[in-house]
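For reference, the chains in residue letters:
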Amino acid sequence: MNRKKVREILCSGETGAEVLVKGWVRTKRSSKNVSFIALNDGSVIHNLQVVVDVNDFDESLLRDINTGAALAVRGVLMPSSGSGQKVELVAREIELLGPADPEKFPIQPKKHSLEFLRENAHLRFRTNTFGAIFRIRHAMAFAIHDYFNRHGFYYLHTPIITASDAEGAGQMFRVTTLDALKPPLTPEGNVDFSSDFFGRPTNLTVSGQLEGELGATALGEIYTFGPTFRAENSNTTRHLAEFWMIEPEMAFYDLKDTMDLAEDFLKFLIRYALDHCADDLTFLAGRLREEEKGKPAEQQSMDLIEKLKFVAENDFERLTYSGAVEILKNSNHYKKKKFQFPVEWGVDLQSEHERYLVERHFKKPVILIDYPKEIKAFYMKQNDDGKTVAAMDVLFPQIGEIIGGSQREENFDKLVARMEEMHIPVDELWWYLDTRRFGTVPHSGFGLGFERFILFITGMGNIRDVIAFPRTPKNAEF
RNA sequence: UCCCUAGUAGCUCAGUCGGUUAGAGCGGCGGACUGUUAAUCCGUAGGUCGUAGGUUCAAGUCCUACCUGGGGAGCCA
C-alpha cells in the first residue's frame, strides 16, 4: 500500500480511504477502551491523530508505544469526533518499527529549555520548535537559489580550502596532514610546510569573495552559498566557528545597484517564508509570544509575523556613516550620556549605536554606507573624498549586521597602494590583481550570514539554535 | 578573551540566618477512567546538591580554584 505523508493527509482532508502512515510518536493518551497516538513524520508541524481500539491490539504492543517510538500504521481516515483535528486515522494494523525506552528517551511531551535541547541536538529535530526551524531553514536555502537563478546569477562553488591567509577576516583554521606532535622542521627549526599535503600552509576559507570576484568578472553575476570558517574565540548568540554564507558578486554594479539588490533579495526571502512556511511561522510566533509573556511591555518585540510583513513591505532606511554619527550625536540618548562607548567620526560604530539607530531611531532596517576607509577592508572602492569607501552594511533589529558588502576597488594602482598601506601581501594575491590588470570593470558584492538571517525569520535568539550542529569554541559534539 | 550569572531527581525549579531524615510540578512506573488533545484522578520509585580543596561543632547554603552552561562586550556574517 502507498505510504502517505501526514502533510498530504491533513492538507486534503479527505476521509474514507485506507492509508499507510509512518512516523514517530509524540504523545499517547489512553483510557479504558481507546488510545490516541499523536504521530508526526516531519512533513508538517501538525500531528496525525491515530485512534486505537485497545481491544483489537496486543497489550504488549500498546505498552511499547511511547513518546519517541517509530510506528507504521495502516488504517482508515475518518472525520474526527474530537475538536482538535478534522481527520484522524482509525488503526487496523500497527507495526512497531523502533521502540524508545521511556525511561531513557530524553524528549518528553513538555516544554524543554533550549539549553537542554542544545545538549541533545541529535534528538531536538523531534520537537515542534526545531522541526519548524529546520523546515524554514530548508525553504530559505531553496528560495536563495530560486532568487538568484531567476535573476541570471550563476552558483559558483568557491574552494573550502585556501592557501591565502591574506583576506583579513580574522583567525583561520589550519588544514594540514602533518604530524601535530612531530612536524618536519626546516634547518632553522620552523615547521616545514613544503612537505605538507599542498606544499604550503593552507586554511579553511573565511570568505569566497576573492574567488567570487574572479567569476563575476567573466560570468557577470555569480553567488556562492557554502560553509565558512572563523577560528575566532567568539562566545555570543550571533557567532559560529562554522557557518553558511551567501556571497553574490556582480560585474557592472555600483553601490546603489548593490543596495537595491540586497533589499530586494531580503524582501523576496521574507515573502517566500510568509507564503510557504505559514504553519511553522505561526507556531514560532506563538512560542515567542509565550516566551515574552513575563517581560515588561516595552521590552516585548513585535509579533513575529507582523515583524516579517513590516520589513517586507517598507523601504529600508539608507544613510551614510557620517549621517549616522550626526544622528547619534544629536540624540537625547547621547546627550544623557547613555552610550557606553564614544561616538566619533572615524571610530567604528558599536553594537549599542547600531541598535539605537535601527531599534529606536528609525525602527526599521537600515543600510549604512560610505564608512571611513580606516575601519574597512582593503578591497573596498575608495570614494573621491579620500576619506571614505563605498561600503554598505545592512543592519537588522536584534541581529545587527546581517549583510556586509561594498563596491570593489577596480583601479589597479589604487588597490595596490591600499594593500601596501595595510600590509596585505601583494604578490600572494597576484591572481586577484589580474582581474584589475585585464579588463577591469566596476563591480560589487556582499555577504549575507545565513544563520543570522534564519534568526531573524524564526525569531530565535541564539544562533546555535538555527544550525543543526553548532560549532563554537569548546563545542564540536555530534 | 573580558565582565556578570547559574550548576540540587530524567526535565523545570524551590530550598529562609549555616542546624535534624532534601522539596514541588512535569516526566517514568502501577492503577482508575465512556473520545483524548502536553488528557484527568489516585498511588509509587527516583538525589555523590558540577568537581576538588578550605572555614566550621555542623555546609546544598560561606570562601578559593577549576569545569560546564547561559547572558552581555569585543571581533564579525
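Residues numbered from 1 in each chain as written. Chains lettered and ligands numbered in written order. Predicted model: local features only at pLDDT ≥ 70, side-chain atom pairs only at ≥ 80, totals over all residues. Heavy atoms only, no water.

A.B. asks: Hey, could you run me through the sheet that holds strand E11 (residues 242–251) in this one?
C.D. replies: Two orientations exist for strands paired in a sheet by backbone hydrogen bonds: parallel and antiparallel. Spatial strand order, E6-E10-E11-E16-E15-E14-E13-E12: eight strands in an open sheet with mixed pairing. Edge positions in the sheet fall to strand E6 (154–155) and strand E12 (317–320), since each of these pairs with one other strand and no more. Sheet analysis places strand E10 (residues 221–229) next to E11, joined by nine bridges and oriented antiparallel. Looking across to E11, one finds that Phe229 is bridged to Glu242. (Pairing = 2+ DSSP bridges. Helix = DSSP H or I, 4+ residues; strand = E, 2+ residues; numbered from the N terminus.)

A.B. asks: Can you help me understand the domain arrangement of chain A in this one?
C.D. replies: Where interface size is quoted, it is often the accessible area lost as the parts come together. Domains assigned within chain A are domain 1 (6–106) and domain 2 (126–171 + 206–465). Taking the mean C-alpha position of each, domain 1 and domain 2 sit 44 Å from one another. At the boundary of domain 1 with domain 2, the tally comes to zero salt bridges. Linking domain 1 with domain 2 are five residue pairs in polar contact (both at pLDDT 80 or more), by the criterion used here. Of the residues belonging to the side of domain 1 that touches domain 2, the class tally is four nonpolar, four polar and one charged. (Domains from an automatic or database assignment. Salt bridge = Lys/Arg side-chain N within 4 Å of Asp/Glu carboxyl O. Polar contact = N/O pair within 3.5 Å; in protein donor to acceptor, adjacent residues only side chain to side chain. Nonpolar A, V, L, I, M, F, W, Y, C, P; charged D, E, K, R; others polar.)

A.B. asks: I keep staring at the protein's contact with RNA strand B and nothing clicks. Help me out?
C.D. replies: Residues in contact with RNA strand B amount to 51 residues; listed here are only the nearest, Ser31, Thr236, His239, Gln350 and Arg452. When the atoms of RNA strand B within 4 Å of the protein are grouped by moiety, sugar and phosphate amount to 50% of the total. Within the side chain of Arg238, an N or O atom sits 3.4 Å from a base nitrogen of RNA strand B. A distance of 3.5 Å separates a sugar or linking oxygen of RNA strand B from a polar atom in the backbone of Ile403. Among the secondary structure elements, those contributing two or more residues to the surface near RNA strand B are strand E1 (18–30), strand E2 (34–40), helix H3 (114–119), E11, strand E15 (400–407) and strand E16 (443–449). (Near = heavy atom within 4 Å.)

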